[in-house]
Amino acid sequence: YGRRLSGRILLPILKRIQATGTMYPQHAAAVQSWLVSQHEGGMDKMELEVRKGYKIGRIFAILEKIQREATTRDNRNTIASRFFGSASTTPNVVMGLLVRNAQHHLAKIKNDPQKKDRVFWLERNLGFALSEINEFPKTLLLSEQGDFAIGYYQELHRRYSAENHKEETQP
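Each value, and the rule that gives it
Residues numbered from 1 in each chain as written. Predicted model: local features only at pLDDT ≥ 70, side-chain atom pairs only at ≥ 80, totals over all residues. Heavy atoms only, no water. Helix = DSSP H or I, 4+ residues; strand = E, 2+ residues; numbered from the N terminus. Buried < 20%, exposed > 50% of the residue type's maximum accessible area, 1.4 Å probe, protein only. Contact = heavy atoms within 4.5 Å. Areas by Shrake-Rupley, 256 points an atom, 1.4 Å probe, with all protein chains shown as cover. pLDDT = per-residue confidence, 0-100. Expected span 1.5 Å × (residues − 1). Phe/Tyr/Trp six-rings, centres within 6.5 Å; stacked < 30°, edge-to-face > 60°. Salt bridge = Lys/Arg side-chain N within 4 Å of Asp/Glu carboxyl O. Core = buried A, V, L, I, M, F, W, Y, C linked by side-chain atoms within 4.5 Å.

Enquirer: Before we move on, can you summarise the overall build of the chain with the specific residues and values?
Expert: Looking only at helices and strands, the chain has eight helices and zero strands in total. In the chain, the order of α-helices and β-strands from amino to carboxyl end is α-α-α-α-α-α-α-α. Per-residue burial for the chain yields a buried fraction of 43% across its 171 residues. When contacts within the chain are restricted to residue pairs at least 6 apart in sequence, those whose partners lie at least 24 apart make up 75%. Just so you have it, the chain exposes about 10,300 Å², and 52% of that area is on carbon and sulfur atoms.

In structure tokens form, the structure reads like this:
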């Protein structure tokens, strides 16, 4: 009806995402609908990409990708399952630790002869994403937590669609 959606809609969705450590497409659609309703006249993709919560969500997804590349044992136990909630609410507390751990994961990947060439791309993606922010904020507002979730989900989607495209083109 052209009105803003209540924060009571977003909060349970964010809590569900944080509790499960997983964001499904319907969660992303609901969060994005809420975010768009908060801006008169809608919100385009370019506007979303300049928001700090969105950028931090993308960084979080890249850090998760680095962890997945380095550890092959249990891919279900990722940083998303452990740190999604705290990274989306208090990024200043968690993100420094996760970036430091990513350096250890990158060193481990460098020592793996089968994955050695991946390090350049992983470091490049992380460096580019980190260069877009000056510092991690102490807390994210509810709307910024929604931006975080959208950034995380869109970065995951970008990665999975690129991997699927690569598999389809290989003989």
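Picking up where we left off.
Enquirer: Explain the confidence of the model for the chain residue by residue, including any values.
Expert: Put simply, the chain has an average pLDDT of 80, and 82% of its residues get 70 or more. This model gives residues 167–171 a pLDDT under 50, and the stretch forms zero contacts once residues within four places in sequence are excluded.

Enquirer: Lay out helix α2 (residues 25–37) in plain terms, naming residues and giving numbers.
Expert: Taking 1.5 Å per residue, 13 residues should reach 18 Å; α2 reaches 18 Å between its end C-alpha atoms and fits that length. For α2, the set of buried residues is H27, A28, V31, W34, L35 and S37.

Enquirer: Quick one: what's the story with the packing of aromatic side chains, residue by residue and with numbers?
Expert: Geometrically, a pair of aromatic rings is defined through the distance of the ring centres and the angle of the planes. In total, this model carries six aromatic pairs according to the counting rule given. Ring geometry for F120 against W121: centres 5.0 Å apart, planes inclined by 80 degrees, an arrangement best described as edge-to-face. Among the aromatic residues, ring-to-ring pairing joins F60, F84, F148 and Y152 into one connected group.

Enquirer: Kindly report on the pattern of salt bridges, identifying the contributing residues and their values.
Expert: Inspection of every chain in the model, using the stated rule, returns nine salt bridges. In this structure, the salt-bridge partner of R51 is D147, at a minimum N-O distance of 2.5 Å. Note that R51 is positioned in the loop between α3 (45–49) and α4 (52–70) and D147 in helix α8 (residues 142–169), a separation of 96 residues in sequence. For K110, the salt bridge identified is with E123, shortest N-O distance 3.6 Å. Separated by 13 residues along the polypeptide, K110 in helix α6 (residues 91–110) and E123 in helix α7 (residues 118–131) bring together distant segments of the chain. Since its relative accessible area comes to 41%, K110 is described here as partly exposed. Given a relative accessible area of 33%, E123 falls into the partly exposed group. Here the salt bridges do not stand alone but share partners, grouping R58, E132, E155 and R158 into one network.

Enquirer: So, the nonpolar core: which residues are in play, and what are the values?
Expert: Counting 42 residues, the largest nonpolar core has I59, F60, L63, M95 and L98 as its most contacted members. Breaking this core down by element, the ones donating at least two residues are α1 (7–20), α2, α4, α5 (79–89), α6, α7 and α8. If one sorts the elements of this core by residue count, α4 sits on top with nine residues.

Enquirer: How would you summarise the environment of G96 if you had to cite specific residues and measurements?
Expert: By the secondary structure assignment, G96 is in helix α6. The exposure class assigned to G96 is partly exposed, which follows from its relative accessible area of 40%. Linking G96 and F136, residues 40 residues apart in sequence, is a C-alpha distance of 8.3 Å.

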